[in-house]
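A look at the structure
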Amino acid sequence: MSIDAPISMAVVGVGYFGRFHAEKISQLPSAKLIAVADIDAKRASEMGSLFGVDAVTDYRDLLGKVDAVSVVVPTSEHYQVVSAFLEHGADVLVEKPMTSSLDSAQRLAEIARNTERILQVGHLERFSGMVETLQKRIHRPLYIDSVRISPFKLRGTDVNVILDLMIHDLDLILCLVDAPILSVDAVGSSVFSGSEDIASARIKFANGCVANIVASRISLKTERRMRIFERDQYVAVDFDRRTIRTVCTAPESLSVGIPEIETEEEDYRDGDLLKREIDAFLRSVASRQEPVVNGEEGVEAVRAAILVNNSLRSHADFVNEIDAGLCGPKKRSQPLHSVGMHSMAGADSDAGEILVPLVDLKTQYLSLRPRIDARVHKVLSEGRYILGPEVEELEKALARFSGVRHAICVASGTDALKIALMTEGIGPGAAVFLPSFTFVATAEVVAGLGATPVFVDIDQETFNIDPDDLCRCVEEVRRDERFRACAVIAVDLFGLPADYATINEIAARYGLFLLADAAQSFGGSVRSRRVGSLASVTATSFYPSKPLGCYGDGGCILTNDDSRAQVIRSIHRHGFGADDYSAIHVGVNSRLDTLQAAILLAKLEVFEDELKARERVAHYYGSELGSVVTLPSCPTGFSSAWTAYAILVKDRSGVREALAQAGVATAVYYEAPLHLHPAYAIYGNGPGSLPVCERVSQQIVSLPMHPYLDEATVGRICQIVTRALS
Ligand SMILES: Cc1ncc(COP(=O)(O)O)c(C=O)c1O
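So, the overall build of the protein chain
Broken down by element type, the protein chain carries 20 helices and 26 strands. With respect to the principal axes defined by its C-alpha atoms, the protein chain has extents near 95 × 75 × 60 Å. By the burial criterion, 47% of the 726 residues in the protein chain qualify as buried.

Quick look at the sheet that holds strand 2 (residues 31–37)
The parallel open sheet is built from 6 strands, whose spatial order is 3-2-1-4-5-6. Of all the strands in the sheet, the pair left with one neighbour each is strand 3 (54–56) and strand 6 (119–122). Recorded for the sheet is a direction-independent mean angle of 20 degrees between the axes of neighbouring strands. By the bridge criterion, 3 bridges tie strand 2 to strand 3 in an arrangement that is parallel.

Some words on the sheet that holds strand 8 (residues 181–189)
Taken together, the 8 strands give an open sheet; going across it, the order is 8-9-10-7-11-12-13-14, and neighbouring strands pair in mixed fashion. Sheet topology places strand 8 and strand 14 (261–267) at the edges, where each strand pairs with a single neighbour. Neighbour-to-neighbour, the strand axes of the sheet open up by a mean angle of 10 degrees, direction not taken into account. Both strand 11 (residues 223–229) and strand 12 (residues 233–238) contribute to a ladder of 5 bridges, which runs antiparallel. Within the sheet, the bridge partner assigned to Met-226 lies in strand 12 and is Val-237.

Notes on the site of the ligand
The full set close to the ligand counts 15 residues, and Ser-412, Gly-413, Thr-414, Ala-519 and Ser-541 are the nearest of them. Secondary structure elements with two or more residues in the shell around the ligand: helix 12 (413–423) and helix 13 (441–448). When its residues are assigned to classes, the shell around the ligand shows 5 nonpolar, 8 polar and 2 charged.

Topic: the packing of helix 1 (residues 18–27) against helix 7 (residues 273–287)
At their nearest, the axes of helix 1 and helix 7 sit 10 Å apart, and the two run at 65 degrees to each other. Along this stretch, helix 1 crosses helix 7, giving a crossing that reads as right-handed. Note on element contacts: helix 7 touches helix 1 through Leu-274, Lys-275 and Ile-278, opposite Phe-20, His-21, Lys-24 and Ile-25. Among the residues forming the contact of helix 1 with helix 7, the class breakdown is 4 nonpolar, 1 polar and 2 charged.

Considering the nonpolar core
Judged by nonpolar contacts, the single largest core of 211 residues is most densely connected at Met-166, Ala-305, Val-432, Ala-487, Ala-490, Leu-515 and Ile-557. Residue contributions to this core peak at 11 residues, all from helix 6 (residues 161–176). Apart from residues no more than four positions distant in its own chain, Leu-515 is found in contact with Leu-417, Ala-420, Leu-421, Ala-487, Ile-489, Ala-535, Val-537 and Ala-539.

A few points about helix 14 (residues 467–480)
For helix 14, spanning 14 residues, the distance from its first C-alpha to its last is 20 Å, which sits close to the expected 20 Å at 1.5 Å a residue. Three or more residues of helix 14 are buried, namely Asp-469, Leu-470, Cys-473 and Val-474. The arc enclosing the buried residues of helix 14, seen along the axis, measures out at 140 degrees, which places them on a common side. Turned more than 90 degrees from where helix 14 packs its buried face, Asp-468, Arg-472, Glu-475, Glu-476 and Arg-479 sit exposed.

The rules behind the values
Residues numbered from 1 in each chain as written. Predicted model: local features only at pLDDT ≥ 70, side-chain atom pairs only at ≥ 80, totals over all residues. Helix = DSSP H or I, 4+ residues; strand = E, 2+ residues; numbered from the N terminus. Buried ≥ 20, exposed ≤ 12 C-beta atoms within 10 Å, placed from the backbone. Pairing = 2+ DSSP bridges. Axes fitted to C-alpha atoms, helices over the stretch in contact; angles between N-to-C directions. Near = placed C-beta within 6 Å. Nonpolar A, V, L, I, M, F, W, Y, C, P; charged D, E, K, R; others polar. Left-handed = near helix turned anticlockwise from the far one by under 90°. Contact = placed C-beta atoms within 7 Å. Core = buried A, V, L, I, M, F, W, Y, C linked by C-beta atoms within 7 Å. Expected span 1.5 Å × (residues − 1). Arc of directions from axis to C-beta.

Structure follows, in structure tokens:
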């Protein structure tokens, strides 16, 4: 196709809306309408003769014969029609919603990417000058309120009001709020179409913005408006009158008294939006530039709509349970989302009842429920429970997140450590250095492989392995000659990365393999280098209470080393090579379940925001408790994933008792260093041999730490600790 030649186009589906597409295309000089398709033969031929073009009843007759196509068929047929045209080399403009399922929307976007075709999704309003103005004017929306009600149109029967109408607002709101969705609460009701005709959704975004959206298709009149509140301005959009009204405080009235406000009202007579949309599509086709609403954006709007739909369904289930008498009175009187810690601030509790848990997975699930459920349902509907596509997707996402080339998911953090050591051939005769103050798994894998754990003391500030004591232990083993000094496992305790710069240097000096036990620190970093990229090989855990936790056991090995990655990948699947038939290594069976991968993918979407929330909690504890307890240290340039918030206190039992009385959970990680555990005593030198970790284990206590802790609750915990120590 030469740049100047008109683009040959067809319209598939020339019902109520499709015929407008045909009309606009035939008016635009950059396009040449050459055919229409419709399963209704009479309609096809009427439209064919109206526009003087070929008419077919089977869109497949047009495959390979047009440069581009407008697809205006029912949503349920979008996937089939759009994928066929993309695969036959045509660029596609598809009406919104892109599809009715997330999976098929994602597949369409992928086909467009792989075939290098333009795929534009017809979110019409995006082509109006009003939305262009909003995108420039709105920087940090705090609250958005939108209403879209209109009379029922027959073409909406194959989808509910969410995919029919609300998706317009979802798309607009997503492009104004540049943050992932954290939670959705929606209710809906079916009045006459068999699916929801009216619905209201409240969406919380990870940047704190809240959107309230009402959509209805049972009204007699049409009303389409949106109000957007920012800290210093209020913008009201009327999509019917096509006006934008902006209200803000007049700059000269910032001092005292009633502030003066400035109001500006702008009219937007954009002309013909559909024509603008098709024209924009044709320009993308000619220039091969990304269209204004590309496949990925279409997917995001569908994802948001599916989240709303999932929430509607779970609300409907809840109402049905109440009607069926399945919810007892106690349950019924509790609001759906009132969970322990939110109601704790200022509350007294019967001792023993936990109001503030250490980690609150229930609140996290309630908040992420639509996205987790959607991911889980997809796995259940596809049935690929072992090594399904989610595992590969997760591995790519984890590698990208950590800044390394390889992430291999395994069945637990313990297996991640074990497989990493197996890859290095660690076994009898090998000495492996590790801090004594860690979870037992770090030592268990070493002993389990027949090697010898050598316990090292910790730094009293960071609670991580002490580099000086590591050197002392390595020298001692080298003098002894019974064992080969082979490896060191650095543990990132409570989320804080170990001192990798120094430990890497020591490992290189003594020829040791350095394995990072990052079971507790995924998400942490050192000078912007994420955990996963700080040692030759890193093992992490997705145990439920970890910052990135699944709903069972799970783990991952991260590395930049291609040949190590190949061996790890083989060992975790019975030692198989590429063909899955012959074992080329002695391996293990340690795969992450597809369901767990799906849950982790959903959680990964909000992980960065959760890490920031953990950081805020840690900061708040620090600012309140700094003068009464020894705080966990986080050296400059280090960033902790804050798996636990562990403080040192002299009167540990008094503090724990006071917190327990108020319903605040605490825990002691760890009551004893490993060289004092009965099973590992044979590898150590008894009490007194590692003084720092022995002292720390007497004084340490962990306070509640998770991203859903509010400031009032943390404040109350700090008050109780302070009072107990005064
Ligand atoms: C330091 C450390 N290493 C290893 C593990 C083992 O991980 P998993 O429970 O996933 O096997 C844990 C788990 O808590 C841990 O804290």
